[in-house]
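# Structural features, examined
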Amino acid sequence: MWLNGTSELIEHLKRKGAKRVALQFPEGLKRRSATVAAALRDAGFEVILSGDPCYGACDLALDTLTHADVLVHFGHAPVDEQPKVIFEPYAVDFDVAVLENALPFFKGDPVGLVTTVQHVHLIPAMELFLQSNGISCRVAEGGGRTPNRGQVLGCSFAAAKASGADEILFVGTGLFHPIGIALATHARVIALDPLTGSAQEVSGDALMRRRFAVMEKARGAKNVGIIVSTKSGQQRMDLARRLASLTPAAVIVTMREVNPDELLNLGFACYVNTACPRLAYDDQVRFPVPVLSPQEFEILCGVRTWDAYTIDEIV
Ligand code: SF4
């Protein structure tokens, strides 16, 4: 969208009085960075590109911004207030008629409708399609980290919860979001991949079984590293302090990138992750020792019951 609309971005930058512009792209869009940088340079801006890995608006290149007047962050919506950052989300279109593949899965209505930031511009068209097929749907406002109606993130399912629906349709790629929605809402969740057209009912049971196994491995660990991210939108020091107070065996560890080699070098018997919640759930197979979510650690410490197990979100 913004490759065609670079002129709008240029106007925006001029209105802000920017002369030096820092650019940041997520991994999937980095290959477009040279083209955008050239267009801005031709328009008279000094351009500095952040080359570090980036997976979300939680990881703004604030160090690069110290050399510029403004940072343009592509591909995501803001997760918090950042006055010197311009967010340029990347819209991915599809034919909403693909929602037809999800219709046989619905058992009643209303159905809650949620999607990821790339597709939020299609929410009105998806609502219309469902309504024209006799399904009334609810699209709720997001939370602080999800500024768009119906938007969910891997660390925030607020819009799914606020829909209050017993059945929720997630439109997007991958299964992490719909599994997270199932665990966060206890609703029936149908996942539709709008690019392949495949639809399926999703449950959190398999993830729960894997997590219980990880917790059992962590039980009785002689020491615990409580990981706190140094990324702009992932820092949860207050939570880490509260978790560390639960046992004298815990030490708070700040990290930028949480990777297996560093966890091995640090040498703790287990870790609790307060950085991006997906790390514990998605990447456990890569880690040398158990990496627990905050809620799982609370259960092991006896301050949360199993019944109160929930997926970790950043609020
Ligand atoms: S914390 Fe994780 S899930 Fe949330 S926006 Fe960042 S990368 Fe995405």
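Here's a quick rundown of the structure. Note that the coordinates shown come from a computational prediction; the quantities given were computed from them, not determined experimentally. (Residues numbered from 1 in each chain as written. Predicted model: local features only at pLDDT ≥ 70, side-chain atom pairs only at ≥ 80, totals over all residues. Heavy atoms only, no water.)

Further remarks concern the sheet that holds strand 10 (residues 224-229). One open sheet accounts for 4 strands, arranged 11-10-12-13; its pairing is parallel. Two strands close off the open sheet at either side, each with one partner strand: strand 11 (250-255) and strand 13 (291-292). In the sheet, strand 12 (residues 270-273) pairs with strand 13 via 2 bridges, with the strands oriented parallel. Looking at strand 13, one finds that V272 is bridged to L292. The sheet strands contacting helix 8 (residues 237-244) are strand 10, strand 11 and strand 12, and the helix crosses strand 11 at an angle near 160 degrees. (Pairing = 2+ DSSP bridges. Helix = DSSP H or I, 4+ residues; strand = E, 2+ residues; numbered from the N terminus. Contact = heavy atoms within 4.5 Å. Axes fitted to C-alpha atoms, helices over the stretch in contact; angles between N-to-C directions.)

Here the structure, examined in full by the defined rule, presents 5 aromatic pairs. With a centroid separation of 4.3 Å and an interplanar angle of 5 degrees, the aromatic rings of F25 and F74 are classed as stacked. Here F74 lies in strand 3 (residues 70-74) and F25 lies in the loop between strand 1 (20-24) and helix 2 (33-42), a separation of 49 residues in the sequence. By the burial criterion, F25 is buried, and F74 matches it. On the basis of an interplanar angle of 70 degrees and a centroid distance of 5.6 Å, the ring pair of F268 and Y271 is categorised as edge-to-face. Take Y271: its relative accessible area is 0%, and that puts it in the buried class. By the ring-pair criterion, three or more aromatic residues cluster together here, those being F212, W306 and Y309. (Phe/Tyr/Trp six-rings, centres within 6.5 Å; stacked < 30°, edge-to-face > 60°. Buried < 20%, exposed > 50% of the residue type's maximum accessible area, 1.4 Å probe, protein only.)

As a further point, take the environment of L49. If you trace the backbone, L49 turns up in strand 2 (residues 46-49). On the basis of relative accessible area, L49 is assigned to the partly exposed category, the value being 41%. In contact with L49, not counting residues within four places along its chain, are L23, F25 and S33.

Glancing now at the environment of G112. Tracing the chain through its elements places G112 in strand 5 (residues 111-115). On the basis of relative accessibility, which here comes to 0%, the residue G112 falls in the buried class. Through-space distance from the C-alpha of G112 to that of V189 is 9.2 Å; in sequence the pair is 77 residues apart. Leave out the neighbours within four places in its chain, and G112 touches R138, S163, A165, E167, I168 and L169.

A separate point is the site of the ligand. Close to the ligand lie Y55, C58, R145, G154, C155, Q234 and C276, which account for all nearby residues. Residue composition of the shell around the ligand, grouped by class: 4 nonpolar, 2 polar and 1 charged. (Near = heavy atom within 4 Å. Nonpolar A, V, L, I, M, F, W, Y, C, P; charged D, E, K, R; others polar.)

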